[in-house]
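# Breakdown of the fold
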Amino acid sequence: MRGDSAAKAVPAQFPSEEIRRPIDLDHLSKQTLGDPGLEEEVLRLFDEMSRVYYGRVEASTNVDELLRNLHTLRGAAAGVGAFALAELARVAETELREGAPVNPERIDDLDMAVHEVSAFIAERLKDAA
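Reading the values: rules and limits
Residues numbered from 1 in each chain as written. Predicted model: local features only at pLDDT ≥ 70, side-chain atom pairs only at ≥ 80, totals over all residues. Heavy atoms only, no water. Helix = DSSP H or I, 4+ residues; strand = E, 2+ residues; numbered from the N terminus. Buried < 20%, exposed > 50% of the residue type's maximum accessible area, 1.4 Å probe, protein only. Contact = heavy atoms within 4.5 Å. Areas by Shrake-Rupley, 256 points an atom, 1.4 Å probe, with all protein chains shown as cover. Expected span 1.5 Å × (residues − 1). Polar contact = N/O pair within 3.5 Å; in protein donor to acceptor, adjacent residues only side chain to side chain. 1 Å grid on protein atoms, 1.4 Å probe; cavity = no way out; pocket = protein on both sides within 12 Å on 5 of 7 lines; lining within 4 Å. Points joined across faces, edges and corners; volume = space filled by probe spheres on them. Nonpolar A, V, L, I, M, F, W, Y, C, P; charged D, E, K, R; others polar. Core = buried A, V, L, I, M, F, W, Y, C linked by side-chain atoms within 4.5 Å. Axes fitted to C-alpha atoms, helices over the stretch in contact; angles between N-to-C directions. Parallel < 35°, antiparallel > 145°, perpendicular 65-115°, else oblique. Left-handed = near helix turned anticlockwise from the far one by under 90°. Salt bridge = Lys/Arg side-chain N within 4 Å of Asp/Glu carboxyl O.

Within the chain, the secondary structure is distributed over 7 helices and 0 strands. Expressed as a percentage of its 129 residues, the buried residues of the chain come to 37%. Here the analysis covers contacts within the chain between residues at least 6 apart in sequence; of these, 65% occur between residues at least 24 apart. Accessible area for the chain stands at about 7,600 Å²; split by element, carbon and sulfur atoms hold 52% of it.

What follows is the structure, given as structure tokens:
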């Protein structure tokens, strides 16, 4: 199942250095085949996409729409190695699927994680320039 594969992409244990980074750079490098130009492009696209989908999460007017946007954000985050963001989206998605009401704290946590990832990407791209 597609949703399960995104959840399994999150490592069970993070190396202590990697857990402090919003994006696992080793994972990202593997995903981009070690190509620095491709890595930069993927980071740019993910930065834009994560902000767009977080905006859609906020603007969701029903649970199905919210689930769809959380799932998309989760999968994209796991794909680039933004595992903390992916985990936050997964938890929110799981709670909703189990019938819990929308938790405003979860949405706030997602907002902070998206901003943290965005700041990390900006710094990384600045260093690459």
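This is not the end of the story, as more comes after the structure.
Turning next to helix H5 (residues 63-80). Its 18 residues place the ends of H5 26 Å apart at the C-alpha level, agreeing with the 26 Å of an ideal helix rising 1.5 Å per residue. Residues of H5 that are buried: Leu66, Leu67, Asn69, Leu70, Leu73, Arg74, Ala77, Ala78 and Val80. Put simply, Asn62 is the residue that caps the front of H5, since its side-chain oxygen is 3.2 Å from the backbone nitrogen of Asp64. Positive phi shows up at Gly81, right after H5, with a value of about 95 degrees.

Now for unusual backbone geometry. Even without being glycine, Leu33 reaches a positive phi, approximately 55 degrees. Assignment of secondary structure puts Leu33 in the loop between helix H3 (25-31) and helix H4 (36-59).

Bringing empty space enclosed by the protein into the picture now. Rolled over the atoms, a probe with the dimensions of a water molecule shows which regions are left empty. Enumeration over the complete set of coordinates arrives at 1 cavity of 30 Å³ or more. There is about 60 Å³ of room inside the largest cavity. Contributing to the lining of the largest cavity are Leu66, Leu70, Ala92, Glu95, Leu96, Pro101, Val102, Asn103, Arg106 and Ile107. Here the element with the most residues in the lining of the largest cavity is helix H6 (residues 83-97); it accounts for 3 residues. Looking at side-chain class alone, the lining of the largest cavity contains 7 nonpolar, 1 polar and 2 charged residues.

Here we come to the nonpolar core. Most often, soluble globular proteins have nonpolar side chains that are buried together. Counting 30 residues, the largest nonpolar core has Ile23, Phe46, Leu70, Ala82, Leu85 and Leu110 as the members making the most contacts within it. Residue assignment for this core shows that the elements contributing at least two residues are H3, H4, H5, H6 and helix H7 (104-128). Aside from chain neighbours lying at most four places away, what touches Leu70 is Val57, Ala89, Ala92, Glu93, Leu96 and Leu110.

For any two helices packed against each other, one specifies the inter-axial angle together with the distance between the axes. Following both chains from N to C, one finds H5 and H6 inclined at 155 degrees, their axes separated by 8 Å at the closest point. For the element pair H5 / H6, the angle class is roughly antiparallel. Once H5 is placed against H6, the crossing between them reads as left-handed. Contact with H5, carried on its side by Leu66, Leu67, Leu70, His71, Leu73, Arg74, Ala77 and Ala78, involves Phe83, Leu85, Ala86, Ala89, Arg90, Ala92, Glu93, Leu96 and Arg97 of H6 and no other residues of that element.

Charged atoms that come close allow side chains of opposite charge to pair. Here the structure, examined in full by the defined rule, presents 8 salt bridges. Here Arg124 makes a salt bridge to Glu39, at a shortest N to O gap of 2.8 Å. With Arg124 in helix H7 and Glu39 in helix H4, this pair connects stretches of sequence that are 85 residues apart. Residue Arg124 is classed as partly exposed on the basis of its relative accessible area, which comes to 32%. Taking the relative accessible area as the measure of exposure, Glu39 reaches 11% and is therefore buried.

Once that is clear, we can look at the side chain of Glu93. Mapped onto the elements, Glu93 comes out in helix H6. Residue Glu93 is classed as buried on the basis of its relative accessible area, which comes to 4%. Sequence-distant contacts of Glu93, defined by excluding residues within four places in its chain, comprise Leu67, Leu70, His71 and Arg74.

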